[in-house]
Structure formats: structure tokens, C-alpha cells
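Descriptive structure summary
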Amino acid sequence: MYLKYFIVLLLIIISINSWAENQGTQAIEQRISLGLTKTEKAEFLSEMRQMLASIQGIISGIGENNPEKIIKAARYSGNRMARATPKSIKLKTPKSFQEIGGPTHMMFEELVIRAETDDMETLTLFTGEIMQQCLACHEMFKVD
Ligand code: HEC
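Rules used in this analysis
Residues numbered from 1 in each chain as written. Predicted model: local features only at pLDDT ≥ 70, side-chain atom pairs only at ≥ 80, totals over all residues. Heavy atoms only, no water. Core = buried A, V, L, I, M, F, W, Y, C linked by side-chain atoms within 4.5 Å. Buried < 20%, exposed > 50% of the residue type's maximum accessible area, 1.4 Å probe, protein only. Helix = DSSP H or I, 4+ residues; strand = E, 2+ residues; numbered from the N terminus. Contact = heavy atoms within 4.5 Å. Salt bridge = Lys/Arg side-chain N within 4 Å of Asp/Glu carboxyl O.

**Points about the nonpolar core**
In this structure, I58, I70, F108, L111, L123 and I130 are the most contacted members of the largest nonpolar core, which totals 18 residues. Among the secondary structure elements, those contributing two or more residues to this core are helix 2 (38-63), helix 3 (67-76), helix 6 (95-117) and helix 7 (120-140). For this core, the leading source of residues is helix 6, giving 5 residues. Dropping the residues within four chain positions of it, L111 is found in contact with I58, I70, A74, L123, F126, T127 and I130. The next biggest cluster of nonpolar side chains, apart from the first, holds 9 residues, and it includes I89, F97, C137 and F141.

In C-alpha cells:
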């Protein structure tokens with residue numbers, strides 16, 4: 001008479017198992033590798049952390065209604081960063097990567113200009129747009 005329960009239990013175990021396997025399949029790495037060396041990777045990730053710091057500064061600046069702070073934070077990740085990226089990394093990154101990366105730096109430059117005139121709500125919306133770029137690229141690429 002416990003057979004019924006046993007079968008139900010078995011079915012639950014089987015379904016959890018196959019669910020877990022599906023999760024496993026989803027977790028399989030699908031991002032494109034940039035194949036960076038150890039040093040390039042360190043350099044690259046440090047730029048990334050700077051971008052996060054820029055976003056932090058921008059959001060605080062918006063909250064404090066402080067255009068100067070926004071400008072300063074955004075500048076770090078604009079053209080200055082684009083120029084500072086080591087050539088060896090630039091040569092390794094595929095076109096699809098550059099098509100997201102280039103415009104992202106330009107958007108930080110645009111924010112520098114817009115912070116002079118735009119209200120904080122508009123700047124928040126634009127920062128959200130910039131962060132779409134972060135998401136798009138992170139979804140597609142990994143460093144190693
Ligand atoms: C053109 C591509 C691209 C763009 C745009 C981009 N990232 Fe990244 N970022 C990457 C890649 C690739 C990695 C490494 C991910 C991995 O290997 O798992 C990374 C990693 C990071 C990391 C982890 C750093 C570490 O030390 O491990 C942070 C933080 C980060 N990005 C922040 C940002 C922020 C914030 C933005 C947007 C303002 C952004 N990134 C935009 C490609 C990009």
C-alpha cells in the first residue's frame with residue numbers, strides 16, 4: 001500500500017533530477033571568450049571596475065543634484081578610457097564587441113555634456129540606457 005507513495009516519491013525525484021539537469025544545461029557557458037592573457041585580463045577587469053565606479057559616482061551625483069560630480073565620474077569611462085585600453089586588447093576583441101564597447105564610451109562622453117543642462121530625471125534615464133550596454137556586452141562575452 002506504500003507503493004503508491006513510493007511511486008509518487010520516485011516521480012518527484014526523477015522530475016527534480018531532470019529539472020536540475022536542465023538548469024545545468026542552461027548554466028553551460030555560451031559567452032564568447034576574448035582569450036585575454038593574464039596581464040590583459042587584469043588590465044581589462046580593472047577598466048571594468050572603473051566603469052562600475054563611474055556608474056556609482058553618476059548615481060550619487062544624480063541623488064545629490066550635483067552635476068559636477070556626475071561629470072567627473074562619467075569622464076573616467078569616456079574617451080579617456082577608450083584611448084587607454086592596451087592595443088593588444090583592442091586587436092583581440094571582435095567587431096561585435098567593439099560595436100558595443102565604442103558607443104558605451106561615447107555615451108559616457110555624452111553624459112558629460114548632458115549633465116551641464118539636463119535635469120536629473122533625464123540623466124537617470126540616460127544612465128539606465130548606458131547600463132543596457134553593460135548588460136548587452138556581459139551577456140555575450142567573457143575574458144577567458
Ligand atoms: C563591450 C563589452 C563590455 C561592456 C560595454 C561592459 N563590460 Fe563589464 N565586462 C565585460 C567582460 C567581457 C567582462 C568579464 C566577464 C567574465 O569574464 O566573466 C566584464 C566584467 C565586468 C566586471 C567585473 C570586474 C572584475 O574585476 O571581475 C564589472 C564590475 C563590470 N564588467 C562592469 C561594467 C559596467 C558597470 C559596465 C557599463 C557601464 C560594463 N561593465 C560594460 C565586458 C563589457
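**A few points about the pattern of salt bridges**
Enumeration over the complete set of coordinates arrives at 7 salt bridges. Among the salt bridges present, the one from R31 reaches E29, with a minimum N-O distance of 2.7 Å. You can call R31 partly exposed: its relative accessible area is 33%. Residue K95 is joined to E99 by a salt bridge in which the shortest nitrogen-to-oxygen separation is 3.0 Å. With a gap of 4 residues between them, K95 and E99 both fall in helix 6, about one helical turn apart. Judged by its relative accessible area of 62%, K95 is exposed. E99 gets classed as partly exposed once you look at its relative accessible area, which sits at 48%.

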